[in-house]
Every structure is written in structure tokens, then in C-alpha cells.
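Each chain, letter by letter, is given below.
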Amino acid sequence: MKLVTIDDIDAAARRIASDIVRTPLLAARWGDPDRPLWLKPENLQPIGAFKIRGAFNALGRLDPDVRARGVVAYSSGNHAQAVAYAAAAYGVAAHIVMPEDTPAIKVQATRDHGAQVVLCAAGQRETFAAELVQRTGGVLVPPFDHPDVIAGQGTIGLEIAQDLADVAAVLVPISGGGLASGVGTAIRALCPQAKIFGVEPELAADTAESLAAGHRVDWPVAQRNRTIADGLRATPSELTFAHLQRVLDDVITVTEDEIRSAVRELVHRAHLVAEPSGAVALAGYRKAATPQGPTAVIVSGGNIDVPLLREILSDDQ
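Keep in mind that what you see is a predicted model, and the values were worked out from it rather than measured. (Residues numbered from 1 in each chain as written. Predicted model: local features only at pLDDT ≥ 70, side-chain atom pairs only at ≥ 80, totals over all residues. Heavy atoms only, no water.)

Novice: How should I be thinking about the sheet that holds strand E6 (residues 139–140) in this particular structure?
Specialist: Within a sheet, neighbouring strands are paired by backbone hydrogen bonds and run either parallel or antiparallel to one another. Judged by pairing direction, the sheet is parallel, and its four strands sit side by side in the order E5-E4-E3-E6 without closing on themselves. Of all strands in the sheet, those with a lone pairing partner are strand E5 (116–120) and E6, marking the two edges. Across two bridges, the pairing between strand E3 (residues 71–74) and E6 is parallel. Residue Val72 lies in a different strand from E6, and its bridge partner there is Leu140. (Pairing = 2+ DSSP bridges. Helix = DSSP H or I, 4+ residues; strand = E, 2+ residues; numbered from the N terminus.)

Novice: What am I meant to see in the packing of helix H1 (residues 6–16) against helix H2 (residues 51–61) here?
Specialist: Relative placement of two packed helices is described by the angle separating their axes and the distance separating the axes. The N-to-C vectors of H1 and H2 enclose an angle of 90°; their axes lie 9 Å apart at closest approach. When the axes of H1 and H2 are compared, the pair comes out roughly perpendicular. In this structure, H1 uses Ala12, Arg15 and Ile16 to contact H2, whose residues at the interface are Arg53, Phe56, Asn57, Gly60 and Arg61. Residues of the contact of H1 with H2, tallied by class, amount to three nonpolar, two polar and three charged. (Axes fitted to C-alpha atoms, helices over the stretch in contact; angles between N-to-C directions. Parallel < 35°, antiparallel > 145°, perpendicular 65-115°, else oblique. Contact = heavy atoms within 4.5 Å. Nonpolar A, V, L, I, M, F, W, Y, C, P; charged D, E, K, R; others polar.)

Novice: Explanation requested: the UniProt feature "domain: Tryptophan synthase beta chain-like PALP" (unreviewed entry) in the chain in the structure shown.
Specialist: Here the UniProt feature "domain: Tryptophan synthase beta chain-like PALP" (unreviewed entry) sits at residues 19–301. From the first C-alpha to the last, residues 19–301 spans 17 Å; its make-up is 45% helix and 17% strand. (UniProt positions renumbered as here; feature names shortened; annotations may be inferred.)

Novice: Explanation requested: the side chain of Ser300 in the structure shown.
Specialist: Here Ser300 is to be found in the loop between strand E10 (295–299) and helix H14 (306–314). Not counting chain neighbours up to four residues away, the residues in contact with Ser300 comprise Glu42, Asn43, Gly48, Ala49, Phe50, Pro173, Leu179, Ser277 and Gly278.

Novice: Looking at this structure, I do not really get the packing of aromatic side chains. What am I missing?
Specialist: Think of a pair of aromatic rings as described by two things: how far the centres are apart, and how the planes are tilted against each other in angle. Counted by the stated rule, this structure contains two aromatic pairs. Relative to Tyr85, the ring of Phe56 lies with its centre 6.0 Å away and its plane at 80°, an arrangement referred to as edge-to-face. With a gap of 29 residues between them, Phe56 in helix H2 and Tyr85 in helix H4 (residues 78–90) connect regions that are remote in the sequence. On the basis of relative accessibility, which here comes to 2%, the residue Phe56 falls in the buried class. Ring geometry for Phe56 versus Tyr90: centroids 6.3 Å apart, planes at 45°, classification tilted. Of the two residues, Phe56 sits in helix H2 while Tyr90 sits in helix H4, which places them 34 residues apart along the sequence. Ring pairs connect the aromatic residues Phe56, Tyr85 and Tyr90, which therefore count as one cluster. One Lys or Arg, Arg35, reaches over the ring of Tyr285 and ends 4.2 Å from the middle of that ring. (Phe/Tyr/Trp six-rings, centres within 6.5 Å; stacked < 30°, edge-to-face > 60°. Buried < 20%, exposed > 50% of the residue type's maximum accessible area, 1.4 Å probe, protein only. Lys NZ or Arg CZ within 6 Å of the ring centre and 35° of its normal.)

Novice: How should the pairing of E3 be read in this particular structure?
Specialist: Along any regular strand, the residues point their side chains to alternate faces of the sheet. Going residue by residue along E3, you find Val71 and Ala73 tucked away on one face and Val72 and Tyr74 tucked away on the opposite face as well. Of the strand pairs in this sheet, E3 and strand E4 (residues 94–99) are connected by four bridges, and their pairing is parallel. What sits directly across from Val72, in E4, is His95. Once you follow E3 into H4 and on to E4, the crossover reads as right-handed. (Right-handed = clockwise from strand over helix to strand, strands pointing away.)

Novice: What is the right way to look at the nonpolar core in this model?
Specialist: Soluble globular proteins tend to pack their nonpolar side chains together in the buried interior. Counting residues in each nonpolar core, the largest one holds 32 residues, and the members touching the most others are Leu37, Leu39, Leu171, Val254, Leu266, Leu282 and Val297. Of all the secondary-structure elements, those providing two or more residues to this core are strand E2 (37–41), strand E7 (169–173), strand E8 (195–201), strand E9 (250–254), helix H12 (256–270), helix H13 (276–287), E10 and H14. By residue number, the principal contributor to this core is H13, which donates six residues. Contacts of Leu282, omitting those with residues within four sequence positions, involve Leu37, Ala262, Glu265, Leu266 and Val297. Leu62, Ala80, Val117 and Val149 belong to the second-largest nonpolar core, a separate cluster that totals 28 residues. (Core = buried A, V, L, I, M, F, W, Y, C linked by side-chain atoms within 4.5 Å.)

Novice: Can you walk me through the pattern of salt bridges in this structure?
Specialist: Two side chains of opposite charge can pair, provided their charged atoms sit close to one another. Inspection of the entire model under this criterion finds 15 salt bridges. A salt bridge links Glu159 to Lys40; the shortest N-O distance between them is 2.6 Å. With Glu159 in helix H7 (residues 147–163) and Lys40 in strand E2, this residue pair connects regions lying 119 residues apart in the sequence. Neither residue differs from the other here; Glu159 and Lys40 are each classed as buried. Across the salt bridge formed by Glu311 and Arg260, the nearest N and O atoms sit 2.8 Å from each other. One end of the pair, Glu311, is in helix H14; the other, Arg260, is in helix H12, with 51 residues separating them in the sequence. Looking at Arg260, the relative accessible area reads 18%, which means it is buried. Among the charged side chains, a salt-bridge network with shared partners connects Lys40, Glu42, Arg53 and Glu159. (Salt bridge = Lys/Arg side-chain N within 4 Å of Asp/Glu carboxyl O.)

In C-alpha cells, the structure reads:
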């Protein structure tokens, strides 16, 4: 199996530079003095999440004649928006499969970018997408199980290394593992002194169990769907798991209350709106004794329904 390299990530950075926001590292002055906290706010991307990087790299790598047939994707929300947005930029059709329980804000945003959205029952995304590929002739752009997607997400790690060369720890949310695979690959190559931690909800901690076992452990969809972090309900593929085994030092698991607290902290202290999935890395920073020194936390997305944000913010009143 060929894994993504730093050269792949460098090429992706050049390819997508004009299509994404090069997000800053924000100094969070209220962090632990022994572990200075830096936030990488990917919620500031045009579609509100990091997924835009992998989508543009994947579409940009397609032969123009192939891309013109259109694209198909399946996603719980942020990858859906990213592919829809990138497809619109390239002027090609997009058909997106989304679970019926996807937050309404993500479904509507995907439609607003011009995509045709097909809703399905939980656990049926891949089946529906395969049918759409057959029917439309479009190219499948998976949410994480593709080297071009992984390389695109890895550009976040490239930027962290450029902006914080002495970083001691990097905390990355984990779901299907594309983000952690790409970021971990870049940090391993450019900042070998840094420790890399994946963070996932306790209610969807299949990656932590899999790494401990040395092989992928499949949690049932219903079990993973218990977490409020709807963007972290996927499970790593063979490709991403191989990357995670190589690049991660450990996985931190966080509770639902810890995730909610991190959402509130980002609103009140950083003035950033993050969805639960986007706040888990900060929850991991608060929970675990990571190494002393500059610490980068990826705020991976900010697409949260207003009623849920209101509910979470009311928890501390």
C-alpha cells in the first residue's frame, strides 16, 4: 500500500492555494503556561471546515475530461459541502449522499452550493453513492479513503510546521482518519520532535481501540452515532488506518460533556463558533497531559445548527 508523502502534500498545497483560506495560528493566551495553546481555525474556510482542502486537491487532480462527467460524494456534512463547493468552482455537477440525521444546516448548505442531495438511512451512504456513480457516470470523491484527499488535508500540517516550527504537540480530531493521516504525515516530516495526538469521542472511540489492538475494530453505526460530534462518526479505512499507525503517538478520548465545554470555551474565550466535532481537539488538550511546549489544536469545523449551539451555551448558565 502506497502512503501519502510530504511531496504529495507540498504538491497539494500549490494546487489548492488559490481556492482555500490559509488559516492563521491564533495564540490562545488563556491556555496552560507550560503548554502554550495555538488554535488552527479551519472553521474560517469558505465552507466552514477543513474538508475544502481535500476536495479541491482531489478534483484538481482529475483529468478535465473525467471531471466534466461530474462528481459523487457521501458525507455527514462537511465533505458534502466541500465537494459541492469545489464542483461549483470547476463548473461540474455534484451528487451528494447524506444521512437523514445530518444537521439541517449542513444539508441546506450543500444544496446552496448547487449539489443534488440524496438522503439515506444511517449506514447506507456508500451503497447509495455507488448507485449514483453507475447512474450518473460521475467520479466518486470519498471523504477520507483516497490519497489525494489525505494529501489535501495534510496541507494543514504543512502550515502548522511553517508557522510554529518548534511545536511540541499537535492535536487532531479523528473520524475516518483522513485529516489525522495527512496532518500527521506533514508534522512527522517537518517537525519530528512533535508528538501527534488524535482525539475522538468516547462514544465513537473505534480508532483508539483499533490502534490498541493492532488492527481495525469495527464499531456498529448505531454505537458510533450516539456522540454529539456528528462529523466524527465514521471509522478509518484500511488506507487511513495504515497512516494512523505510522504517525500517531496516542489517541485521547473525550466525553460528551468535555466536548460541549470545549464548544463553549471557543465561543467565550476565542470568539470562534465550532461544531462539536470541531471542538474535540481542544477538549483533548484540556483533558490529557500532553508534552510541555507549544501546542497546536485544530478547530476543524464550525457548521453547527443554531438550536444546538444555543443549547450548549445555555449549559453553563
